[in-house]
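Residues per chain are reported as follows:
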Amino acid sequence: MMEIIKINQLTKKYGGTTEVLKGIDLTVHQGEVFGFVGHNGAGKSTLIHTITGIINKSSGSFEIMGFPDKQIDKAKKEMGVMPDISNLYEHMKGIHFLRYMGELVGDQRSKKDYESLMKDVGLEGAEKKKIKSYSFGMKKKISIAQALLGNPNLIILDEPTSGLDPESAIKIRKLVTRLQEQGKTILLTSHNLDEIDKVSDRVGILSDGVIKKLGTPRQLKEEMEAGLSISIRTKPILQEDYIQVLSKKLEMDLNFVETKKEYTLLNVASDNDIPKLSIELIDSGVLLYEIKVEQRSLEDVFMNT
Ligand SMILES: Nc1ncnc2c1ncn2[C@@H]1O[C@H](COP(=O)(O)OP(=O)(O)OP(=O)(O)O)[C@@H](O)[C@H]1O
Ligand SMILES: [Mg+2]
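Treat the numbers as computed from the prediction; the structure is a model and nothing was measured.

What counts as what
Residues numbered from 1 in each chain as written. Chains lettered and ligands numbered in written order. Predicted model: local features only at pLDDT ≥ 70, side-chain atom pairs only at ≥ 80, totals over all residues. Heavy atoms only, no water. Helix = DSSP H or I, 4+ residues; strand = E, 2+ residues; numbered from the N terminus. Rg over C-alpha atoms; globule rule 2.2 N^0.38 Å. Buried < 20%, exposed > 50% of the residue type's maximum accessible area, 1.4 Å probe, protein only. Contact = heavy atoms within 4.5 Å. Lys, Arg positive; Asp, Glu negative; His and termini not counted. Charge placed at Lys NZ, Arg CZ, Asp CG, Glu CD. Pairing = 2+ DSSP bridges. Axes fitted to C-alpha atoms, helices over the stretch in contact; angles between N-to-C directions. Left-handed = near helix turned anticlockwise from the far one by under 90°. Nonpolar A, V, L, I, M, F, W, Y, C, P; charged D, E, K, R; others polar. Core = buried A, V, L, I, M, F, W, Y, C linked by side-chain atoms within 4.5 Å. Patch = residues over 30% accessible without salt bridge, like charges linked within 9 Å, V, L, I, M, F, W, Y side chains within 5 Å. Areas by Shrake-Rupley, 256 points an atom, 1.4 Å probe, with all protein chains shown as cover. Salt bridge = Lys/Arg side-chain N within 4 Å of Asp/Glu carboxyl O. Near = heavy atom within 4 Å. Polar contact = N/O pair within 3.5 Å; in protein donor to acceptor, adjacent residues only side chain to side chain.

Chemist: Help me understand the overall build of the protein chain, please; the structure alone is not making it clear to me.
Modeler: Each helix and strand counted, the protein chain has eleven helices and 14 strands in total. Computed over its C-alpha atoms, the radius of gyration of the protein chain comes to 24 Å, more than 25% above the 19 Å expected for a compact globule of 305 residues. Out of the 305 residues in the protein chain, the part that is buried amounts to 46%. Of the contacts formed within the protein chain by residues at least 6 apart in sequence, a portion of 68% connects residues at least 24 apart. Looking at charge distribution, the protein chain has the averaged site of its 43 positive side-chain charges lying 8 Å from that of its 44 negative ones.

Chemist: Would you take a moment to explain the sheet that holds strand β12 (residues 255-260) for this structure?
Modeler: The strand order across the open sheet built from four strands is β12-β13-β11-β14, with neighbouring strands paired in antiparallel fashion. Looking along the sheet, the strands with just one partner apiece sit at the ends: β12 and β14 (287-294). Along the sheet, successive strands turn relative to each other by an average axial angle of 25°, direction set aside. Helix α10 (residues 273-283) contacts β11 (228-235), β13 (263-268) and β14 of the sheet and is inclined by roughly 165° relative to β14.

Chemist: Honestly, unusual backbone geometry in this entry has me stumped. Any pointers?
Modeler: In this structure, the amide linkage connecting Lys-235 to the following residue, Pro-236, adopts the cis form with an omega of -5°. Tracing the backbone shows Pro-236 in the loop between β11 and α9 (240-249). At Gln-9, a position not held by glycine, the phi torsion is positive, near 50°. Note on placement: Gln-9 falls in strand β1 (residues 3-13). Of note, Asn-151 is a non-glycine position whose phi angle comes to about 55°, a positive value. As for its position among the elements, Asn-151 is in the loop between α5 (136-147) and β7 (154-157). You can call Asn-151 exposed: its relative accessible area is 53%.

Chemist: What's the story with the packing of helix α3 (residues 94-104) against helix α4 (residues 111-120) in this structure? I'm lost.
Modeler: Helix-helix packing is described using two parameters, namely the angle between the two axes and the distance between the axes. Two elements in contact, α3 and α4, have axes whose closest approach is 10 Å; the angle formed by their N-to-C orientations is 115°. Between α3 and α4 lies a crossing whose hand is right-handed. Residues Gly-94, Ile-95, Leu-98, Arg-99, Gly-102 and Glu-103 of α3 form the contact with α4, whose participating residues are Lys-111, Tyr-114, Glu-115, Leu-117 and Met-118. Here the contact of α3 with α4 is composed, by residue class, of five nonpolar, two polar and four charged.

Chemist: Where do I start with the nonpolar core in this structure?
Modeler: Counting 38 residues, the largest nonpolar core has Phe-97, Leu-98, Ile-142 and Leu-157 as its most contacted members. Discounting chain neighbours no more than four positions away, the residues touching Leu-157 are Ile-48, Met-82, Ile-144, Ala-147, Val-176, Leu-187, Leu-188 and Thr-189. Grouped together as the second largest cluster of nonpolar side chains are 24 residues, Ile-5, Ile-7, Leu-47 and Phe-62 included.

Chemist: Help me understand a positive patch on the surface in this model?
Modeler: A cluster of like positive charges, contributed by Lys-93, Lys-111, Lys-128, Lys-130 and Lys-132, occupies part of the molecular surface. Looking at the secondary structure, you find Lys-93 in the loop between β6 (79-82) and α3. Lys-93 sits in the partly exposed class, given a relative accessible area of 33%.

Chemist: Help me out: how do you make sense of the sheet that holds β6 in this one?
Modeler: Two orientations exist for strands paired in a sheet by backbone hydrogen bonds: parallel and antiparallel. Taken together, the six strands give an open sheet; going across it, the order is β6-β7-β8-β3-β9-β10, and neighbouring strands pair in mixed fashion. In this open sheet, the two strands that pair with only one neighbour each are β6 and β10 (210-215). Taken pair by pair, the neighbouring strands of this sheet meet at an average axis angle of 15°, ignoring direction. Alignment of β7 against strand β8 (residues 185-190), held across four bridges, turns out to be parallel.

Chemist: In this structure, what is going on with the pairing of strand β4 (residues 59-64)? I would like to understand it.
Modeler: Side-chain positions along a regular strand alternate between the two faces of the sheet. In terms of strand pairing, β1 meets β4 through five bridges, oriented antiparallel. From the neighbouring strand, Ile-5 faces β4, where its bridge partner is Ile-64. Judged from the two bridges that link them, β4 and strand β5 (residues 67-68) form a sheet pairing that is antiparallel. Across the sheet, Glu-63 pairs through a bridge with Pro-68, a residue of β5. The turn joining β4 and β5, which pair antiparallel and follow one another in sequence, is formed by two residues; a positive phi near 50° is taken by Met-65.

Chemist: In this structure, what is going on with the site of ligand 1? I would like to understand it.
Modeler: Taken together, Tyr-14, Val-20, His-39, Asn-40, Gly-41, Ala-42, Gly-43, Lys-44, Ser-45, Thr-46 and Glu-159 make up the full set of residues adjacent to ligand 1. Tyr-14 has a polar side-chain atom sitting 3.3 Å from a nitrogen atom of ligand 1. For ligand 1, an oxygen atom lies 2.7 Å from a polar atom in the backbone of Gly-41. Against a free-state accessible area of 640 Å², the protein chains account for coverage of 56% of ligand 1. With three residues, the top contributor of residues to the shell around ligand 1 is helix α1 (residues 44-51). Looking at the shell around ligand 1, its residues break down into three nonpolar, six polar and two charged.

What follows is the structure in C-alpha cells.
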C-alpha cells in the first residue's frame, strides 16, 4: 500500500509560545479517509497548515506522496486543500470563480462538469450569484469544490461540515465517500467525532498536541463499550459509600458518579457486572425498581476527558 502522508515526530510552536503540536506520528495510505478530531484549539488546523506548506514546522519531518517536506512544492499539484479560512474572490460569480481557479491548476473539465461540481457540493442555483452574497455555509461549499479542482490525488479538508446544516453535511459526507471510491486519499478534520466517524476509515483524536487515540471507528467504539454507565433506581437511594462497599464485596470496579432524583449513576467495567449487582442488591433487601444502561457517544468517552 502506498503511503500518501507520512508524519514523523512533527512539532510546531508559534513564536516563543508553547508547542501546539508536540510530536505527531501518522501514516495515511492511498485510498484511505482519515479523520482528525479535536476540540477548538487542539491543533487540527496547525497540523494541516504545516503539512500543506502554508506554515513551517518547528521540528520532525513529513512526506507527502513520497516528497520530503523540503520539496513540498512538488507534491502541491497532486493536492487539493480547503484551509479553514480561504480567500475567495468575492466579486466573482460562483461558477466563474471555480472556472478561473480551475484554469490556474490546469483543470480539464468541461463547462457542464463545472456545473455538476457545483451541484456535488450543494450549490445548484447559486452558480450565477456573486460570492460576496453567499452565506457562510455556501462559502464553505465553494471552498470544498475549489479543493477538488485539478483532480488531486490527496484531498485535505479542514472542517468541511462545521457550520453546515444537517442536510448539507450529509451531502458533503456522500461526496467524500464518492471521492474515496475514485481512489482518492482524503484527510479531514472535525470537532465532532460522531460525525467524522461515519466517513473515516480511521480516526485520530488530537488533544494536547498529540494523537491521544488512533483507530478505526469500530475499535474506538469497542474500547468505549468496555466501560458502561448505568443508572439504578432503588429504595433507599444508593449512596457513594455503599457503592464502595459493594465494589469491594463483589470484587468489581464500580464507580459512583452521582445521585439524581431517585437514581444513582454508576460506571461499571462490563455488562456482566449488571446481573451480579442486581442479585446482590435484592439479596441485601434493597428495593430495585429499574436498571438502565446509558448510551454514551464516542464524543462522551473520548472528548470530555
Ligand atoms: N498564527 C498563530 N500564532 C500563534 N498561535 C496560534 C496561531 N495559530 C494558532 N495558534 C494557536 O495554536 C493552537 C491550535 O490552534 P489551531 O487553529 O491549530 O486549532 P484547531 O484544532 O484548528 O481549532 P479549531 O477547532 O478552533 O479550528 C491554539 O492555541 C491557537 O491559539
Ligand atoms: Mg481549525
